[in-house]
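So you can see what is in the structure, the chains are spelled out below.
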Amino acid sequence: MTGEKRFGLGRILLLLGRLVLAGIFIFAAYAKMKPQTEVPWSVASVRTSLAMFAMQVDSYQLLPTGYVSLAAHLLPPAELLLGFWLLSGIGLRFSALATTLLVGLFFAVIVRTYAMGLEINCGCFGPGEQLGKITLVRDGSFLGLALAVTIGAFLVHRAGRNKMEARVSVTDAQRAD
Amino acid sequence: MTGFPYTWRPKVAVGLGCLTVLVLALVWQPGAKAQPESRVRAHMQAAHEGLSIPVKTFGSPSAPIRLDEFSDFQCPSCRAFYEGTLRPMMADYVARGKVYLVHHDFPLPMHAHSFQAARWANAAAEIGRFEDVEAALFDNQESWAADGNIEKYVAGALSPSDFKKVQKLMAGCEPNSHSCPFDAFIEADIALGKQIPVRATPTYVISYKGQKFPAGSGAVSWDIMRQFFDSLLGQ
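Residues numbered from 1 in each chain as written. Chains lettered and ligands numbered in written order. Predicted model: local features only at pLDDT ≥ 70, side-chain atom pairs only at ≥ 80, totals over all residues.

Q: Describe in detail the interface of chain A and chain B, supporting the description with residues and values.
A: Tallying the contact residues gives 35 residues for chain A and 31 residues for chain B. Sorting elements by how many residues they give to the side of chain A that touches chain B places helix H2 (residues 43-59) of chain A first, with ten residues. Here the side of chain A that touches chain B is built from residues that sort into 18 nonpolar, 13 polar and four charged. (Contact = placed C-beta atoms within 7 Å. Helix = DSSP H or I, 4+ residues; strand = E, 2+ residues; numbered from the N terminus. Nonpolar A, V, L, I, M, F, W, Y, C, P; charged D, E, K, R; others polar.)

Q: Give a detailed account of the nonpolar core, specifying residues and quantitative values.
A: Most often, soluble globular proteins keep nonpolar side chains buried together rather than apart. Counting 101 residues, the largest nonpolar core has Ala 54 of chain A together with Ala 121, Ala 124 and Val 154 of chain B as the members making the most contacts within it. Once you skip the residues sitting within four places of it in the chain, Val 154 of chain B turns out to touch Trp 120, Ala 124, Val 133, Ala 136, Phe 163 and Val 166 of chain B. (Core = buried A, V, L, I, M, F, W, Y, C linked by C-beta atoms within 7 Å. Buried ≥ 20, exposed ≤ 12 C-beta atoms within 10 Å, placed from the backbone.)

Q: Talk me through the environment of Lys 5 of chain A; I want residue IDs and the actual numbers.
A: Examined against the element boundaries, Lys 5 of chain A turns out to sit in helix H1 (residues 3-33). Distance in space between the C-alpha atoms of Lys 5 of chain A and Ser 169 of chain A is 23 Å, their sequence separation being 164 residues.

Q: I'd like to hear about the confidence of the model for chain A, residue by residue, with values.
A: Averaged over every residue, the pLDDT of chain A is 90; residues scoring 70 or more account for 98%. The spread of mean pLDDT over the elements of chain A runs between helix H5 (residues 133-176) of chain A, the lowest at 86, and helix H4 (residues 92-116) of chain A, the highest at 96. (pLDDT = per-residue confidence, 0-100.)

Q: For the environment of Val 102 of chain B, give the residues involved together with the corresponding values.
A: All names here are of chain B. Checked against the element boundaries, Val 102 lands in strand S3 (residues 99-105). Note: C-alpha distance between Val 102 and Glu 69 (33 residues apart in sequence) is 6.3 Å. Setting aside its immediate chain neighbours within four residues, Val 102 contacts Lys 56, Thr 57, Arg 66 and Asp 68.

Q: Any details on the pairing of strand S4 (residues 203-208) of chain B? Residues and values, ideally.
A: Residue and element names in this part refer to chain B. Across six bridges, strand S2 (residues 65-71) lies against S4 in antiparallel orientation. Bridging across to S4, Phe 70 finds its partner in Thr 203. With two bridges joining them, S4 and strand S6 (residues 216-217) adopt antiparallel strand pairing. Residue pairing across strands places Tyr 204 opposite Gly 216, the latter belonging to S6. (Pairing = 2+ DSSP bridges.)

Q: So what's going on with H4 of chain A? Residues and values would help.
A: All names here are of chain A. An ideal rise of 1.5 Å per residue puts 36 Å on 25 residues; H4 measures up with 36 Å between its terminal C-alpha atoms. What H4 keeps buried is the set Leu 92, Ser 95, Ala 96, Thr 99, Thr 100, Val 103, Phe 107, Ile 110 and Thr 113. Of the residues flanking the end of H4, it is Gly 117, one or two places downstream, whose phi is positive at about 80°. (Expected span 1.5 Å × (residues − 1).)

And the structure:
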C-alpha cells in the first residue's frame, strides 16, 4: 500500500471513529435528558430527568451531596456539546483529547465502583442499567476508541502539515528556478 | 470560498443517520408486563390460613408519589438506605402526605438470616407493627446477622403482648421450616421484584401520578432524593 493510500484509509477510519464517538456522546446526553415516563419534552421534564440522574450520580458515593446536583446538571449538556463538536470535525485533535479525558474519568470511576462492590445503576445511558462486567468492557472499549481517534487526529494533522510544507518547498524551489 | 461545506456535509449526514437509528432504538418500549401469579397465590393462601395481607406500607395511598422499595434486612446498603433516606423521608414527605412508601421483601440467598428476618417482619406486619420491627432489624443488623438471634431484637421492639402475638404467628416458622405461612408473601414480593427486574438491593421504583420511572438501585442520600421528588411535585 502506498503512503497516499494508507493516508486515505487512515482518514476514513478516523472519520468513522469520530462519528461513532459523537453518536455515543449525543445518545448518552439524550438518554439522560429525555423524559423518563410518557410525558412530552419540556423544561420541567428535562429538570426531572436530570434530578433522577443526580440520584444515580449520588449512588456512586464519590461526591459530597452539594456537588452531586451540580455534576448531574453539567454532565449531560457537556456530553451533548462534545458530541456535536466531534460531529463537526472542527479542531478534532482538541475535541478528541477532551473526549479521551472525559471517557478516561468515567472509566476510572466505574472501575473504582466495581472494585468497591457497589451494586448500583451505571447511569451511563440513562437509568436502568446495572453496573457490571459488561459496563467495564464497554467503557474500556470506548476509552480505547477515544485514544485511537485522538492519536489518529494528531497523526493526520501532522501528515497534512508535512504535505503542505513539502508542497510549499517544491513551489519555492520552482520559483527559485 | 473554500470547499469546507462540501467536506463536512456528508459526514454530518452519516452522523445524523447513526443518531436516528440510536434514537429509534431508544424510543421502542416493550409492552407492560402482567402482575405475577405468585402474588395472587399469596393472597389466596393468606385467606386460607386466616391471615390478612401484612401491611408493609407507610403513608397515604393517595399521595402523588409512590416509592416501592425492594430490600433485604441483612444487606448493609439496605441499612444505609433505610437509615439515611427512608427514615428521614418517612418523618418528612410520608408524614406530610407527599409520598406513599411500600416495602417489598427481597431476601438474597447469600445472606444466611435475611429470609428469617423477613418472616419476623411479616409477622409483625400482620398485627400492624411492621414499622417498629423494621427499625429494630436495621438498627441492630450487625448483631443479629452475626448470631442469627432475630427474636431478641423483635422482642425489644414490641410490647410483651404484641410480641406474644407475633410469636404465636411465627409458629411453624423455624429457620429450616418450609411451612411458614409468611413465606408466600415473601415469595410474592420476590416474584414481583424479579419482574422489575431487581438485580441488587436496595432497588426502588418511583411512580408519580401513575407514571412509573425506571428502577434505581443503591443507597441515595435523602437530600438528593428530595430534590427529585420536588421536581416531580413542581411539574
